[in-house]
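Single-letter residue listing:
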Amino acid sequence: MAFQVEVRSPIRLADFAEFAHLVAAVQALQTEAQPLLPKLADRTIWMVNSTPTGGGVAEMLPTMVTLLRDLGLRVEWVVIDTEERGFFDVTKRIHNLLHGQGDPRLVPADRELFESVNRQNAAFLRARARDGDVLIVHDPQPLPLAGMLQEELDLTTIWRCHIGLDDETPATRAAWEFLHPYARVYEHAVFSAPEYIPHYLSSHATIIYPAIDPLSFKNRELGLHHTVGVLANSGLTVAPGPLVTPPYERLAERLGPDGRFHPANLTGDFGLLTRPIVTQISRWDGLKGFEPLLDAFARYKQRLLQGGWSDHPRHRIRQEIVRLVLAGPDPESIQDDPEGQGVLNALVERYRSLDPLIQESIAIVTLPMQSPEENAYMVNALQRASSIVVQNSLREGFGLTIAEAMWKRVPILSNRQACGPRQQVRDGVDGRLIADPTSARELADTLDAMLADEAGRQVWARNAQRRVYNRFLVFAQLCEWLRLFAQLPRLAA
Ligand code: UDP
């Protein structure tokens with residue numbers, strides 16, 4: 001049965017407004033909200049999804065709910081639930097199909113289960129929602145709710161779909177056909193990219209991008225000492241001097257030539273504080289493109305060692321000392337993710353086959369996940385220590401790691417093939433987008449050109465941060481939601 005999630009985050013808009021560079025964004029949000037407040041005064045906005053923790057939606061909802069409440073709106077978060085595990089098997093299959101993967105056969109029994117579980121959960125909302133309220137349903141799991149509740153209640157209904165594929169395949173067609181009867185009853189739909197909108201929703205769909213919270217542990221400003229402290233406390237660098245804070249309980253680990261992981265600074269310092277650093281941080285997922293990136297960097301170094309050095313003295317030094325960091329979650333925390341372990345194992349094997357000279361220039365790093373706060377700080381500090389952040393995904397729904405790095409004024413190297421990166425990065429403006437993430441030559445050449453172009457990197461870095469400020473911070477996201485509310489007939493009246 002569904003349940004309501006208590007959101008008790010202490011963060012307020014006023015906390016953001018204490019930062020000079022966020023004042024205008026907070027004010028813009030407040031201004032946007034003013035005319036809407038009287039229209040929404042007697043209405044509750046019901047956010048509904050299928051999990052209180054884990055995954056991007058559950059990550060984003062607490063900040064959204066808190067800030068909308070702080071603006072003066074009444075917002076509640078409800079999670080649907082069931083004892084019938086088969087329900088989540090069906091919804092997982094639908095999820096995968098929308099990403100173009102899996103067996104496209106969905107049978108009448110799948111539909112029956114999908115509907116019956118949603119009907120049980122609809123009872124929870126029917127007992128609480130009132131005529132005039134706004135229902136925002138996230139992702140496909142609770143999709144049938146709107147149709148079921150509309151039988152008795154006069155609601156404004158919005159479906160927020162966070163997933164999709166920028167290609168039509170038998171798999172995506174099967175999933176969209178299956179969802180059609182439930183999706184078509186919604187007044188409006190919201191997607192993360194225009195490419196993800198199915199044809200039957202295209203007349204009443206809006207794009208709202210995912211967004212980052214600039215005060216979260218992952219994205220907040222870190223001073224010089226704090227950055228060095230996090231890197232040293234987590235074992236990612238050798239402490240350059242005495243530190244106020246003790247080492248973290250769990251350290252980041254680096255792959256050694258023996259194929260085993262050791263505390264990252266055990267065999268000396270990798271050079272995060274001084275060398276040009278190229279970084280990718282992602283889950284160990286085959287579609288994240290770690291292996292082609294490793295290959296491209298290894299070949300790049302090989303090419304240099306065979307005499308391909310630049311004639312420009314400063315750039316030649318960069319080529320000599322630049323290093324690659326590939327980081328992702330500690331395998332212990334992904335034990336229930338055999339695919340992730342497999343991807344990491346393949347990288348380990350590839351790394352072990354490299355020339356020792358080249359191994360030295362590449363760090364495959366696992367970040368402990370036991371403390372979400374420490375993990376977020378490690379990601380934050382690693383991104384800040386990078387000259388270039390790569391997101392070499394072959395497919396990518398959005399790619400929050402890109403917005404995170406752009407916000408920190410780090411230029412991005414990604415590609416046009418994946419849909420998410422091209423929503424965020426403008427080629428030659430915020431970084432570079434290549435055509436093919438599996439092309440070692442294109443990756444190496446673009447990386448080298450970016451490293452050589454010191455002035456360009458500074459321009460891309462500044463543009464990247466401004467773009468995140470305008471489009472991918474939580475304030476911009478909430479402004480989009482408020483604009484959408486304002487245009488819906490019942491709320492505009
Ligand atoms: N991430 C993390 N620790 C890791 C690897 C990734 O905190 O070891 C974070 C990363 O900073 C980002 C999120 O996981 O916030 C990944 O989101 P993204 O949209 O890039 O990809 P997804 O994993 O959702 O496919």
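Residues numbered from 1 in each chain as written. Predicted model: local features only at pLDDT ≥ 70, side-chain atom pairs only at ≥ 80, totals over all residues. Heavy atoms only, no water.

A. Main features of the overall build of the protein chain. Counting secondary structure elements, the protein chain contains 20 helices and 15 strands. Referenced to the eigenvectors of the C-alpha coordinate spread, the extents of the protein chain come out at roughly 75 × 50 × 40 Å. Long-range pairs, those at least 24 residues apart, make up 72% of the contacts in the protein chain with a sequence separation of at least 6. Of the accessible surface of the protein chain, which amounts to about 21,000 Å², a share of 51% is contributed by carbon and sulfur atoms. (Helix = DSSP H or I, 4+ residues; strand = E, 2+ residues; numbered from the N terminus. Contact = heavy atoms within 4.5 Å. Areas by Shrake-Rupley, 256 points an atom, 1.4 Å probe, with all protein chains shown as cover.)

B. Spotlight on the site of the ligand. Around the ligand, 15 residues are found, and the nearest of them are K218, R283, K288, L400 and E404. Between K218 and the ligand, the recorded distance is 2.9 Å, taken from a side-chain N or O atom to an oxygen atom. Between the ligand and the protein, one listed contact pairs an oxygen atom with a side-chain N or O atom of N375 at 3.1 Å. For the ligand, the accessible surface in isolation is 540 Å², of which the surrounding protein chains cover 79%. Elements supplying a minimum of two residues to the shell around the ligand: β11 (323–329), α14 (372–384) and α15 (400–407). If you tally residues by element for the shell around the ligand, the top one is α15, at three residues. Its residues placed into classes, the shell around the ligand shows five nonpolar, five polar and five charged. (Near = heavy atom within 4 Å. Polar contact = N/O pair within 3.5 Å; in protein donor to acceptor, adjacent residues only side chain to side chain. Nonpolar A, V, L, I, M, F, W, Y, C, P; charged D, E, K, R; others polar.)

C. The arrangement of the sheet that holds strand β13 (residues 388–390) in detail. With respect to topology, eight strands assemble into an open sheet ordered β9-β8-β12-β11-β10-β13-β14-β15, the strand pairing being mixed. Both edges of this open sheet fall to β9 (261–263) and β15 (431–434), since each of them pairs with a single strand only. Strand after strand, the sheet turns through a mean of 30° between neighbouring axes, direction not considered. Pairing geometry for β13 and strand β14 (residues 412–415), over two bridges, is parallel. Looking at the pairing, V389 lines up with I412 of β14. Contacts between helix α17 (residues 440–452) and the sheet are confined to β10 (277–281), β13, β14 and β15, with β15 contributing the most and set at about 165° to the helix. (Pairing = 2+ DSSP bridges. Axes fitted to C-alpha atoms, helices over the stretch in contact; angles between N-to-C directions.)

D. Spatial organisation of the pairing of β11. The element β11 is largely enclosed, with a buried count of seven among its seven residues. In this sheet, β11 lies alongside β10 in parallel orientation, the contact comprising five bridges. Residue pairing across strands places V278 opposite L324, the latter belonging to β11. (Buried < 20%, exposed > 50% of the residue type's maximum accessible area, 1.4 Å probe, protein only.)

E. Representation of the side chain of Q359. Positionally, Q359 belongs in helix α13 (residues 356–359). Among the polar contacts made by the side chain of Q359, one reaches the main-chain carbonyl oxygen of Y351 at a distance of 2.9 Å. Residue contacts for Q359: discarding those within four places in its chain leaves R254, P257, Y351, R352 and L354.

F. Structural detail: helix α4 (residues 56–71). When the terminal C-alpha atoms of α4 are compared, their 23 Å separation across 16 residues agrees well with the 22 Å that a helix rising 1.5 Å per residue should span. Regarding α4, the residues found buried are V57, A58, M60, L61, T63, M64, V65, T66, L67, L68 and L71. Looking one or two places after α4, you find G72, whose phi comes out positive at around 115°. (Expected span 1.5 Å × (residues − 1).)

G. Structural context of the packing of aromatic side chains. Overall, the coordinates contain 17 aromatic pairs when judged by the stated rule. Relative to F290, the ring of W284 has its centre 4.7 Å away and its plane inclined at 35°; by these criteria the two rings are tilted. Note on accessibility: W284 and F290 belong to one class, buried. Between F398 and F472, the aromatic rings sit 5.6 Å apart at their centres with planes inclined by 70°, giving edge-to-face as the arrangement. (Phe/Tyr/Trp six-rings, centres within 6.5 Å; stacked < 30°, edge-to-face > 60°.)

H. Expanded view of unusual backbone geometry. Positioned with a positive phi, D139 is a non-glycine residue whose angle comes to about 70°. Note on placement: D139 falls in the loop between β4 (134–138) and α7 (145–150). A relative accessible area of 11% places D139 in the buried class. Unusually for a residue other than glycine, R409 sits at a positive phi of about 60°. Overall, the relative accessible area of 42% leaves R409 in the partly exposed class.

I. Inspection of the side chain of R160 at higher detail. Structurally, R160 can be placed in strand β5 (residues 156–160). In this structure R160 is buried but unpaired, with D139 as the nearest side chain of opposite charge at 6.6 Å. Each residue touching R160, except ones within four places of it in the same chain, is listed here: I136, V137, H138, D139, V190, F191, S192, I208, Y209, P210 and W481. (Lys, Arg positive; Asp, Glu negative; His and termini not counted. Salt bridge = Lys/Arg side-chain N within 4 Å of Asp/Glu carboxyl O.)

J. Spotlight on the environment of K408. Among the secondary structure elements, K408 is positioned in the loop between α15 and β14. Sequence-wise, K408 and R384 are 24 residues apart; in three dimensions their C-alpha atoms are separated by 6.4 Å. Leave out the neighbours within four places in its chain, and K408 touches K218, N219, N380, Q383 and R384. From its side chain, K408 meets the backbone oxygen of K218 in a polar contact 2.9 Å long. At 3.3 Å, the side chain of K408 and the backbone oxygen of E404 are in polar contact.

K. How the structure looks around empty space enclosed by the protein. Tallied over the entire structure, the rule returns four cavities of 30 Å³ or more. As for the largest cavity, its lining consists of L236, R254, A264, F270, L272, V325, A363 and V365. Grouping the constituent residues of the lining of the largest cavity by class yields seven nonpolar, no polar and one charged. Its boundaries defined by the atoms lining it, the second largest cavity holds a volume of some 40 Å³. Lining the second largest cavity, in full, are T279, Q280, I281, Q383, V389, V390, Q391 and T401. The set of elements that each furnish at least two residues to the lining of the second largest cavity consists of β10 and β13. If you tally residues by element for the lining of the second largest cavity, the top one is β10, at three residues. (1 Å grid on protein atoms, 1.4 Å probe; cavity = no way out; pocket = protein on both sides within 12 Å on 5 of 7 lines; lining within 4 Å. Points joined across faces, edges and corners; volume = space filled by probe spheres on them.)

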